[in-house]
Amino acid sequence: MSKKRVLITGGAGFLGSHLCDRFIKEGFHVIAMDNLITGDLRNIEHLFKHKDFEFYNHDVSTFVHVPDKLDYILHFASPASPIDYLKIPIQTLKVGSLGTHNLLGLAKSKKARMIIASTSEVYGDPMVHPQKEEYYGNVNPVGPRGVYDEAKRFQEAMTMAYHTYHGLETRIVRIFNTYGPRMRLNDGRVLPAFIGQALRGEDLTVFGDGSQTRSFCYVDDLVEGIYRLLMSDYVYPVNIGNPDEITIGEFAEEIIKLTGTTQKVIYKPLPKDDPMQRQPDITIAREILDWEPRVSRSEGLKITYEYFKSLSKDDLYTKEHNTFEGFVRK
Ligand code: UDP
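Residues numbered from 1 in each chain as written. Predicted model: local features only at pLDDT ≥ 70, side-chain atom pairs only at ≥ 80, totals over all residues. Heavy atoms only, no water.

## Notes on the packing of helix α5 (residues 190–200) against helix α7 (residues 248–259)
Now for step 1: At a minimum axis separation of 10 Å, α5 and α7 run at an interaxial angle of 40 degrees. The pairing of α5 with α7 is recorded here as oblique in orientation. Crossing of α5 against α7: the hand is right-handed. Packed against α5, whose contacting residues are Val-190, Leu-191, Phe-194, Ile-195 and Ala-198, the element α7 presents Ile-248, Phe-251, Ala-252, Ile-255, Leu-258 and Thr-259 at the interface. (Axes fitted to C-alpha atoms, helices over the stretch in contact; angles between N-to-C directions. Helix = DSSP H or I, 4+ residues; strand = E, 2+ residues; numbered from the N terminus. Parallel < 35°, antiparallel > 145°, perpendicular 65-115°, else oblique. Left-handed = near helix turned anticlockwise from the far one by under 90°. Contact = heavy atoms within 4.5 Å.)

## Some words on α7
Now for step 1: When the terminal C-alpha atoms of α7 are compared, their 16 Å separation across twelve residues agrees well with the 16 Å that a helix rising 1.5 Å per residue should span.
Now for step 2: For α7, the set of buried residues is Ile-248, Phe-251, Ala-252, Ile-255, Ile-256 and Thr-259. Here the buried residues of α7 occupy an arc of 145 degrees about the axis, which is enough to place them on one side.
Now for step 3: Within two residues after α7, Gly-260 carries a phi angle of roughly 70 degrees, on the positive side. (Expected span 1.5 Å × (residues − 1). Buried < 20%, exposed > 50% of the residue type's maximum accessible area, 1.4 Å probe, protein only. Arc of directions from axis to C-beta.)

## Some words on the packing of aromatic side chains
Now for step 1: Scanning the model with the defined rule gives 13 aromatic pairs in all.
Now for step 2: Each ring, one from Phe-23 and one from Phe-28, has its centre 4.9 Å from the other, and the planes form 75 degrees; the classification is edge-to-face.
Now for step 3: Measuring from centroid to centroid gives 4.3 Å for Tyr-85 and Tyr-148, while their planes differ by 5 degrees, and the two rings are stacked. Taken together, the residues Tyr-85 in helix α2 (residues 82–87) and Tyr-148 in helix α4 (residues 146–166) connect sequence positions 63 residues apart.
Now for step 4: Taking relative accessible area as the criterion, Tyr-85 reaches 2% and is therefore assigned buried.
Now for step 5: Residue class for Tyr-148 comes out buried when judged on its relative accessible area of 9%.
Now for step 6: Aromatic ring contacts, followed pair by pair, group Phe-23, Phe-28, Tyr-72 and Tyr-227 into a single cluster.
Now for step 7: Here the basic side chain of Arg-22 rests over the ring of Tyr-227, its NZ or CZ set 4.4 Å away from the ring centre. (Phe/Tyr/Trp six-rings, centres within 6.5 Å; stacked < 30°, edge-to-face > 60°. Lys NZ or Arg CZ within 6 Å of the ring centre and 35° of its normal.)

## A few points about the site of the ligand
Now for step 1: The full set close to the ligand counts 19 residues, and Val-190, Thr-205, Phe-207, Arg-214 and Asp-274 are the nearest of them.
Now for step 2: At a separation of 2.8 Å, an oxygen atom of the ligand approaches a polar backbone atom of Val-190.
Now for step 3: Within the side chain of Gln-212, one N or O atom sits 3.0 Å away from an oxygen atom of the ligand.
Now for step 4: When contributions to the shell around the ligand are tallied by element, the ones reaching two or more residues are α5 and β8 (204–207). (Near = heavy atom within 4 Å. Polar contact = N/O pair within 3.5 Å; in protein donor to acceptor, adjacent residues only side chain to side chain.)

## Describing the packing of helix α1 (residues 14–25) against helix α6 (residues 219–231)
Now for step 1: Closest axis-to-axis distance for the α1/α6 pair is 10 Å, and the angle between their directions is 65 degrees. Helix-helix and strand crossings are classified by hand; for α1 and α6 the assignment is right-handed. Mapping the contact onto sequence places Phe-14, Leu-15, His-18, Leu-19, Arg-22 and Phe-23 in α1 and Val-219, Leu-222, Val-223, Glu-224, Ile-226, Tyr-227, Leu-230 and Met-231 in α6.
Now for step 2: Its residues placed into classes, the contact of α1 with α6 shows eleven nonpolar, one polar and two charged. (Nonpolar A, V, L, I, M, F, W, Y, C, P; charged D, E, K, R; others polar.)

## Quick word on helix α3 (residues 89–110)
Now for step 1: Taking 1.5 Å of rise per residue, the 22 residues of α3 would be expected to cover 32 Å, and the 31 Å separating its terminal C-alpha atoms lies within 8% of that figure.
Now for step 2: At Val-95, α3 shows its largest kink, close to 35 degrees.
Now for step 3: Against the buried residues of α3 lie β1 (5–9), β4 (72–75), α2, β5 (113–119), α4 and β6 (170–175).
Now for step 4: Count one or two residues on from α3 and you reach Lys-111, which has phi positive near 55 degrees. (Bend = angle between axes of the 7 residues up to and from the residue.)

## Re the side chain of Thr-261
Now for step 1: Take Thr-261: it is sitting in the loop between α7 and β13 (265–268).
Now for step 2: Within the structure, the side chain of Thr-261 is placed 3.0 Å from the backbone nitrogen of Gln-263, a separation counted as a polar contact.
Now for step 3: Each residue touching Thr-261, except ones within four places of it in the same chain, is listed here: Ala-198 and Ile-256.

## Here we look at the environment of Leu-204
Now for step 1: By the secondary structure assignment, Leu-204 is in strand β8.
Now for step 2: Taking the C-alpha atoms as reference, Leu-204 lies 20 Å from Pro-275; in sequence the two are 71 residues apart.

## Section: the pairing of β5
Each regular strand carries side chains that alternate between the two faces of the sheet.
Now for step 1: Burial analysis of β5 places seven of its seven residues in the buried class, the great majority of the element.
Now for step 2: Residue alternation in β5 divides its side chains into two sets, Arg-113, Ile-115, Ala-117 and Thr-119 and Met-114, Ile-116 and Ser-118, and both sets are buried.
Now for step 3: Judged from the four bridges that link them, β4 and β5 form a sheet pairing that is parallel. Paired with Leu-74 across the bridge in β5 is Ile-115.
Now for step 4: Pairing geometry for β5 and β6, over six bridges, is parallel. (Pairing = 2+ DSSP bridges.)

Next up, the structure:
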C-alpha cells in the first residue's frame, strides 16, 4: 500500500518543522511548504536526504497546488510572534484568511482531513481564567494584535463552515505559548528574548511590572497533542498547552538561574493589548485525547537553552530585537 501523504504548511518554521519530524517518524510521505519569511531551511535541512520528504517554497496566500493524493493537511503557516505580525501585518492577515481558504479548497478537492493552527490569542486579553474553549474571548480587532487574532478567528469560522457546509473533515487546535529548539532567537518572544539577552550579557527586559502571566508548553508535548487531535473524531476547537502558569517576572528569575547570568532585570513599558493572564483549561484534551503535558518547565528549558547556546554568533547578534517600543498599553 502506498504511504499516507501529508502537507504541512509553515513546514520550515518552529512548530512546522517539528511536525515534519513527527510525521516522517510515523511513516508518512511529508510535503513541507513555506515561503521562508519567518521559517528557516536550517530547521528541516536534515530531512532533505529522506526519500519521503519534499519541500515547496511557496506562499499559501496564493493558489496552492500539490500533485497526487493528499490524506492530511496541517495549516501551520503564519507569523506567530507579536513582533513578526507587527512588522508584516498584511501577510499575517492574508495567510490566516486567504491561505486558509486556499488550503480548505485543496483539502476539499483531495478529500483530505485538515487541521488548522489556531491560538490562545482568539481569547484576546481574557476576562475568564483559565480559558475554556467555550469562552468567546476579548479581542481588540483594531489593536496591534488584531491582525493575528482576527485572522485566526476568521480561520476558525471558515474551517467550521467548510465542515458544516461541505462536510470536510476538519480539526482546530488552539495553541498556547510553546517553546523549544528551533524558535528564532530574534523573534521577540519572551523566552528567546530573555535567553538571547543572557547569552549576550545584556539585562533582561521585563515588559510592564512583570505580573502578567503565561503558561509555557514544551514543543514535544504540543506535537503529541496535535497528532492525537488530528487522528481523533473531534471537530470543535481544543486547547493544547501546559497549565503550569507563571508570571513573567518569575520567569525572568528562572532564566537568570538557568543561564547563570550576572545581569539584572530592567523594566520596559507593557505593549498595548498585552494579555494580563493566560492559562489553558485542558479538560477537553484530557478527556477526548487522553493527553496532558509531560515535560516540566525546568526540563524543557534546559534542552532549549542548550539549543540556543549551540547557535552561531551571527544568530546571537542579529539586529532586530525587542522592537515593541511604541506599542505601549494605554
Ligand atoms: N515580554 C517581556 N519581555 C520581552 C518580551 C516579552 O516581558 O523581552 C512579555 C510580553 O509583554 C508578554 C509575555 O512576555 O507579557 C509573553 O510575550 P510573548 O511575546 O512571548 O508572547 P505572547 O504570549 O504575548 O503572545
